[in-house]
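Residue-level listing of the chains:
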Amino acid sequence: MYMAPVEEIVFTLRHVAGLAPALADGAFAGLDEDVADAILHEAGRFASAGIAPLAETGDRQGARLDGDAVTLPDGWADLYRRWAAGGWNGLTAAQAHGGQGLPHMLGVATFEMWNSASMAFAIGPTLTMGAIEALEHHASDALKALYLPRLVSGEWMATMNLTEPQAGSDLAALRARAERAGDGSYRIFGQKIFITWGEHDAAENIAHLVLARLPDAPPGTRGISLFLVPKFLPDADGNPGRRNDLFCQSLEHKLGIHGSPTCVMIFGEKEGAVGYLVGEEHKGLACMFTMMNNARLLVGIQGVAIAEAATQKALAYAGERLQGRAPGASGEAMSPIRDHPDVRRMLLTMKALTQGARAIAYACAHAIDFSGRDIPDAAHWQERAALLTPIAKAFCTDTGVEVASLGVQVHGGMGYIEETGAARLLRDARIAPIYEGTNGIQAIDLVTRKLPLAGGAHIRGFIAELRAIAAQAGASGLDGLGGTAARLEAALADLSEAAEWLLAKQASKDMTAALSGATPFLRLSGLALTGCYLARGALAADAGQPGRVALCRFMAENLLSETAALKDRVVNGSESLSAAAFLLA
């Protein structure tokens, strides 16, 4: 059974991601280490004792459709209401709307625990969090006053409606349409697919955020507007009134996250679903991206969460399963499989990648927190958040899949049997690199939009910060670090060379070459960050934590050499990729 790793989370927040100096500087009014620790420990208790015991029920039963009504797995609706009653939905929301106004770092840390306990459960509130942020930034005062207090409390939930059968990642192809009504509202018509928690019995109302086109909309993404379309139209007192003209047509049968209802939604089968404009007409994509950027980090933390749960499960099994005699074992008794070098390598790889991905996600949340403050270097933190978001989304979710797959391997044949739970984690993990912008799209975003920030100055400055960590490791005198400093310096040299090559290719308008190297560059970035953040943790650890030094060295000397191959793929792989394209025709 999953047990929230609260102490590890607290350490990473404080000493790797930057929470300790932020609290010391008074960056978050009313928050200190004791309060933060209490929040995280209570979240860990609820995740371990409240959510995790229902994860298997959710996977086995799945969400169920009867007519156009969707029922969550047994116990889930009550679980959600207990979770919302605990105030977790409003942890980072503005106090003006009933939230607690706490930093994103704490919110992301709690979402790691919710997702480790059950990713299918936690994805529902994830969309509500994103909708809250979109409405806070773009909605009218009237919409904010009516919807935000209820969304922040968790009394109501929200969804994001982008995808259509012919329009997946290419939103320019969407066909859902909107018509102006005489009272300032709109009527929405169309079909949306893959709508997470689009219909269910957990909340009194569901606020759907829907992208659609007006009749006079310009072509392409410039002609998309965003509308809030409630399941029930609020009455004069703000309570759910009559049912809007929308319904769930069907539920998708999925590889994983079975407890999460993934809906095909129909809007406007009769007179048209009543909707309300969010932001300005024809400028809805910018509003939706506010929601998506929030969701991308929270999807990244899903990867961390699955990796943590898979690592815990594999470690427990490897300590119990006896097989053969490990090298150096005494006597005739069989050894726990964790003592065999190959299994040991898998387990340490799982731990290193999980801790590195956690640090990346938390560092991204730290940058988001500081980018929203009224401080002289807010622009710097805005750029840092922009740079880290695609890495956090893509590298962390790839890590979730990789670690969950290793977890199945550690279990051997029993990992392929559903009753152990290892297979469920791998099935659940596989969606995260796909939704909220595929990881290929994240790589393109990183290379074409984020790498050139400030003419490339920001990435160069960031690499300089990381080199300072490598220098500290080299000067630390810690015997247990072995060759860590030299391996970090080599990885950062690979990162710098690949970044400069990509910037040069874009400057010369050779976008084929730049895009060909995007995915390997993103993984290169994630591995380099993992090495540096593990080193930062090792340098911050006290004498009673030798495991941090040992894990840092393992990562540097066993995993970090991949950066050289990734750099070579970035710089030299484009021509052969293009030359072989005819094989795909």
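Structure: above.
So, a few notes on the structure that sits alongside this text.

### What about the environment of Ala394?
Next up, step 1: With respect to the secondary-structure elements, Ala394 resides in helix 11 (residues 378–411).
Next up, step 2: Spatially, the C-alpha atoms of Ala394 and Ala457 are 23 Å apart, while their sequence positions differ by 63 residues.
Next up, step 3: Excluding anything up to four places from it in sequence, Ala394 contacts Asn439, Gln442 and Leu522.

### Here's the deal with unusual backbone geometry
Next up, step 1: Its identity as a non-glycine residue notwithstanding, Trp197 has a phi of 55°, on the positive side.
Next up, step 2: With respect to the helices and strands, the residue Trp197 is situated in the loop between strand 5 (186–196) and strand 6 (205–213).
Next up, step 3: Taking relative accessible area as the criterion, Trp197 reaches 1% and is therefore assigned buried.
Next up, step 4: In this model, His282 sits at a positive phi of 70°, which is unusual for a non-glycine residue.

### Quick notes on the pairing of strand 12 (residues 273–278)
Next up, step 1: Burial analysis of strand 12 places five of its six residues in the buried class, the great majority of the element.
Next up, step 2: As defined by bridge partners, strand 5 adjoins strand 12 across three bridges and the pair is classed as antiparallel. Paired with Tyr186 across the two strands is Gly275, which belongs to strand 12.

### What about the nonpolar core?
If you look at soluble globular proteins, the nonpolar side chains tend to sit buried side by side.
Next up, step 1: One finds Trp83, Trp114, Leu209 and Phe521 to be the most contacted residues of the largest nonpolar core, which totals 177 residues.
Next up, step 2: With 17 residues, helix 9 (residues 284–320) is the largest single contributor of residues to this core.
Next up, step 3: For Trp83, the residues in contact, after removing those within four places along its chain, are Phe46, Ile51, Trp88, Asn89, Trp114, Phe121, Pro125 and Met129.
Next up, step 4: The next biggest cluster of nonpolar side chains, apart from the first, holds 20 residues, and it includes Tyr186, Ile188, Leu214 and Phe227.

### Details of the side chain of Thr354
Next up, step 1: Looking at the secondary structure, you find Thr354 in helix 10 (residues 341–371).
Next up, step 2: For Thr354, a relative accessible area of 1% puts it in the buried group.
Next up, step 3: When near neighbours in sequence (up to four residues on either side) are disregarded, Thr354 contacts Val304, Ala307, Glu308, Thr311, Thr399 and Val403.

### Some points on the packing of helix 13 (residues 439–450) against helix 17 (residues 518–540)
Next up, step 1: The contact between helix 13 and helix 17 brings their axes to 8 Å, and the two run at 80°. Of the possible angle classes, the one that applies to helix 13 and helix 17 is roughly perpendicular. Contact residues: Gly440, Gln442, Ala443, Ile444, Leu446 and Val447 in helix 13; Ala518, Thr519, Phe521, Leu522 and Ser525 in helix 17.
Next up, step 2: Residues of the contact of helix 13 with helix 17, tallied by class, amount to seven nonpolar, four polar and no charged.

### Some thoughts on a nonpolar patch on the surface
Next up, step 1: A contiguous nonpolar surface patch, about 220 Å² in accessible area, is contributed by Ile444, Met511 and Leu515.
Next up, step 2: Note on placement: Leu515 falls in helix 16 (residues 511–516).
Next up, step 3: For Leu515, a relative accessible area of 38% corresponds to the partly exposed category.

### Points about the environment of Asp377
Next up, step 1: By the secondary structure assignment, Asp377 is in the loop between helix 10 and helix 11.
Next up, step 2: Counting along the chain gives 127 residues from Asp377 to Ala504, while the straight-line C-alpha distance between them is 28 Å.

### Brief notes about the pattern of salt bridges
Next up, step 1: One pass over the structure, following the stated rule, counts 29 salt bridges.
Next up, step 2: A salt bridge links Arg180 to Glu281; its shortest N-O distance comes to 2.9 Å. With Arg180 in strand 4 (residues 177–180) and Glu281 in the loop between strand 12 and helix 9, this pair connects stretches of sequence that are 101 residues apart.
Next up, step 3: Relative accessible area serves as the criterion here: at 24%, Glu281 is assigned to the partly exposed category.
Next up, step 4: Of the charged contacts in the structure, one is a salt bridge between Arg553 and Glu557, with a shortest N-O distance of 3.1 Å. Highlighted residues: Arg553 and Glu557, both in helix 18 (residues 546–558), separated by four residues, approximately one helical turn.
Next up, step 5: Residue Arg553 is classed as partly exposed on the basis of its relative accessible area, which comes to 35%.
Next up, step 6: By relative accessible area, which is 28% here, Glu557 ends up partly exposed.
Next up, step 7: One continuous salt-bridge network, built from bridges that share partners, spans Arg14, Glu33 and Asp37.

Reading the values: the criteria
- Residues numbered from 1 in each chain as written.
- Predicted model: local features only at pLDDT ≥ 70, side-chain atom pairs only at ≥ 80, totals over all residues.
- Heavy atoms only, no water.
- Helix = DSSP H or I, 4+ residues; strand = E, 2+ residues; numbered from the N terminus.
- Contact = heavy atoms within 4.5 Å.
- Buried < 20%, exposed > 50% of the residue type's maximum accessible area, 1.4 Å probe, protein only.
- Pairing = 2+ DSSP bridges.
- Core = buried A, V, L, I, M, F, W, Y, C linked by side-chain atoms within 4.5 Å.
- Axes fitted to C-alpha atoms, helices over the stretch in contact; angles between N-to-C directions.
- Parallel < 35°, antiparallel > 145°, perpendicular 65-115°, else oblique.
- Nonpolar A, V, L, I, M, F, W, Y, C, P; charged D, E, K, R; others polar.
- Patch = residues over 30% accessible without salt bridge, like charges linked within 9 Å, V, L, I, M, F, W, Y side chains within 5 Å.
- Areas by Shrake-Rupley, 256 points an atom, 1.4 Å probe, with all protein chains shown as cover.
- Salt bridge = Lys/Arg side-chain N within 4 Å of Asp/Glu carboxyl O.

Structural measurements only, silent on function.
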